[in-house]
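This is what each chain is made of:
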Amino acid sequence: MDSIERQQLEDKILAKRQQIEFERTNLEETIAFSPENRENPEVMEETKNFDDPAQNVVEQREMRSLRTAEQELNELLRQLETLRNK
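Residues numbered from 1 in each chain as written. Predicted model: local features only at pLDDT ≥ 70, side-chain atom pairs only at ≥ 80, totals over all residues. Heavy atoms only, no water.

J.: Outline the overall build of the protein, listing residues and values.
T.: What the protein contains, in helices and strands, is 4 helices and 0 strands. Here the protein holds 86 residues, and 20% of them are scored as buried. Within the protein, contacts between residues separated by at least 24 positions form 72% of all contacts whose residues are at least 6 apart in sequence. When the accessible surface of the protein is totalled, it reaches about 6600 Å², and 49% of it is carbon and sulfur. (Helix = DSSP H or I, 4+ residues; strand = E, 2+ residues; numbered from the N terminus. Buried < 20%, exposed > 50% of the residue type's maximum accessible area, 1.4 Å probe, protein only. Contact = heavy atoms within 4.5 Å. Areas by Shrake-Rupley, 256 points an atom, 1.4 Å probe, with all protein chains shown as cover.)

J.: So what's going on with the nonpolar core? Which residues, and what values?
T.: In terms of nonpolar packing, the biggest core is built from 11 residues, these being Leu9, Ile13, Ile20, Leu27, Met63, Leu66, Ala69, Leu73, Leu76, Leu80 and Leu83. Residue assignment for this core shows that the elements contributing at least two residues are helix H1 (2–32) and helix H4 (60–84). With 7 residues, the top contributor of residues to this core is H4. (Core = buried A, V, L, I, M, F, W, Y, C linked by side-chain atoms within 4.5 Å.)

J.: Can you explain the side chain of Lys16? Please cite residues and give values.
T.: Within the secondary structure layout, Lys16 lies in helix H1. On the accessibility criterion, Lys16 (14% relative accessible area) is buried. Engagement of the side chain of Lys16 in a polar contact is seen with the side chain of Gln19, the distance being 3.0 Å. Looking at Lys16, its side chain comes within polar contact range of the side chain of Glu72, at 2.4 Å. Contacts of Lys16, omitting those with residues within four sequence positions, involve Ala69, Glu72, Leu73 and Leu76. (Polar contact = N/O pair within 3.5 Å; in protein donor to acceptor, adjacent residues only side chain to side chain.)

J.: I'd like a rundown of H1, residues and numbers included.
T.: Over its 31 residues, H1 extends 44 Å from the first C-alpha to the last, a length consistent with the 45 Å expected when each residue adds 1.5 Å. Where H1 is concerned, the buried positions are Leu9, Ile13, Lys16, Ile20, Glu23 and Leu27. For H1, the secondary structure elements touched by its buried residues are H4. (Expected span 1.5 Å × (residues − 1).)

J.: I'd like a description of the pattern of salt bridges, backed by residues and values.
T.: Throughout the structure, instances matching the rule amount to 5 salt bridges. Taken together, the shared-partner salt bridges connect Arg6, Glu10 and Arg84 into one network. (Salt bridge = Lys/Arg side-chain N within 4 Å of Asp/Glu carboxyl O.)

J.: Any details on the packing of H1 against H4? Residues and values, ideally.
T.: Helix packing geometry: the angle between the two helix axes and the distance between the axes. Orientation of H1 relative to H4, taken along the N-to-C sense of each, is 160 degrees, at an axis distance of 9 Å. By the angle between their directions, the pair H1 and H4 is classed as roughly antiparallel. Both H1 and H4 take part in a crossing whose hand is left-handed. For the contact of H1 with H4, a count of residues per class yields 12 nonpolar, 3 polar and 13 charged. (Axes fitted to C-alpha atoms, helices over the stretch in contact; angles between N-to-C directions. Parallel < 35°, antiparallel > 145°, perpendicular 65-115°, else oblique. Left-handed = near helix turned anticlockwise from the far one by under 90°. Nonpolar A, V, L, I, M, F, W, Y, C, P; charged D, E, K, R; others polar.)

Take a look at the structure:
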């Protein structure tokens, strides 16, 4: 039974890592291709947004989703470690 439970946890961990990688890549592309990062810094009106941090470019819900996925991964890793120590 423990080996089945361990395998299920490992499968969940792999899936969660893939989800995190996908979300992280998506956020990076959103940041890289956002209009705020393509503005001409020589124009005074547009310079105010040129160096905005990533949190201003991507939506807060996307950042929260990534943080939640990372927390879930940490919990799964903790569960796996507990199972291994039994």
